[in-house]
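Okay, here's what each chain looks like letter by letter:
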Amino acid sequence: MRARILRSLLVAGMLAAAGAAHAKDLTTPALEAWLQKYGAAWEARDPAAAGKLFTPDATYHEMPFDAPKQGRAGIEEYWRNVTAEHRDVEFGSKVISVTGNTGVAHWHASFKVASTGALLELDGVFVLEFDEKGQCKSLREWWHLKT
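The notes below deal with the structure included here. What you see is a predicted model; the values in this text were computed from it and never measured.

Definitions and cut-offs
- Residues numbered from 1 in each chain as written.
- Predicted model: local features only at pLDDT ≥ 70, side-chain atom pairs only at ≥ 80, totals over all residues.
- Heavy atoms only, no water.
- Pairing = 2+ DSSP bridges.
- Helix = DSSP H or I, 4+ residues; strand = E, 2+ residues; numbered from the N terminus.
- Salt bridge = Lys/Arg side-chain N within 4 Å of Asp/Glu carboxyl O.
- Buried < 20%, exposed > 50% of the residue type's maximum accessible area, 1.4 Å probe, protein only.

**Considerations on the pairing of strand β4 (residues 102-113)**
Thinking step 1. Direction of pairing for strand β3 (residues 86-99) relative to β4: antiparallel, over a ladder of 11 bridges. Residue Gly92 lies in a different strand from β4, and its bridge partner there is His108.
Thinking step 2. Between the end of β3 and the start of β4, which pair antiparallel, lie two residues, with Gly100 showing a positive phi angle near 60°.
Thinking step 3. With 11 bridges joining them, β4 and strand β5 (residues 119-130) adopt antiparallel strand pairing. Paired with Gly103 across the two strands is Leu128, which belongs to β5.

**Considerations on the pattern of salt bridges**
Thinking step 1. The final tally for this structure, using the stated rule, is four salt bridges.
Thinking step 2. Note that Glu77 and Arg80 form a salt bridge whose closest N and O atoms lie 3.4 Å from each other. With a gap of three residues between them, Glu77 and Arg80 both fall in helix α4 (residues 71-82), about one helical turn apart.
Thinking step 3. Taking the relative accessible area as the measure of exposure, Glu77 reaches 37% and is therefore partly exposed.
Thinking step 4. Using a relative accessible area of 42% as the deciding quantity, one classes Arg80 as partly exposed.
Thinking step 5. Lys112 is the salt-bridge partner of Asp88, the closest N and O atoms lying 4.0 Å from each other. Separated by 24 residues along the polypeptide, Asp88 in strand β3 and Lys112 in strand β4 bring together distant segments of the chain.

Next up, the structure:
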C-alpha cells in the first residue's frame with residue numbers, strides 16, 4: 001500500500017513538472033498573436049503598445065553589430081524615433097519555427113516616409129525569445145530594404 005501511494009505521488013509530481021515545463025513553451029498561435037500585436041503597434045506608430053510586448057529588461061537587436069536597445073524604456077524610445085516618419089504602415093508575418101521559448105518568423109512591411117513621400121518596403125526575419133508570461137525578452141532581427 002505504501003509503495004503504491006509513493007508511486008502515485010511520484011507520478012503526480014512528474015506529471016505536474018512536465019505540465020509546468022510544457023506551459024512555458026511558446027506555441028505557434030501564441031507567436032502569431034504576438035506578431036499581430038507587434039504589427040498593430042507599428043501600424044499605429046505606438047511606442048507604448050510596442051513596449052508592452054517586451055519584458056522590462058528585454059534586449060532588442062535591430063542590427064547585428066550595434067549595441068542592443070536595453071529594456072522596455074529603451075525599446076519605446078527607439079520606436080518613438082524610428083517610427084516618427086512612417087505613414088500608412090502595412091505589416092505582415094509568417095511563423096517559420098517554434099522551439100521551446102524561441103520563435104522564428106519572416107516579416108515584411110511597407111510604409112511611406114512622411115518628409116519625402118518615398119514608399120519603402122522591408123523584408124526581414126525575427127528570432128524571438130519569450131518568458132513564461134508571453135512577453136519577449138530578446139528580439140534579434142535581420143532585414144533588407146527593397147531598392
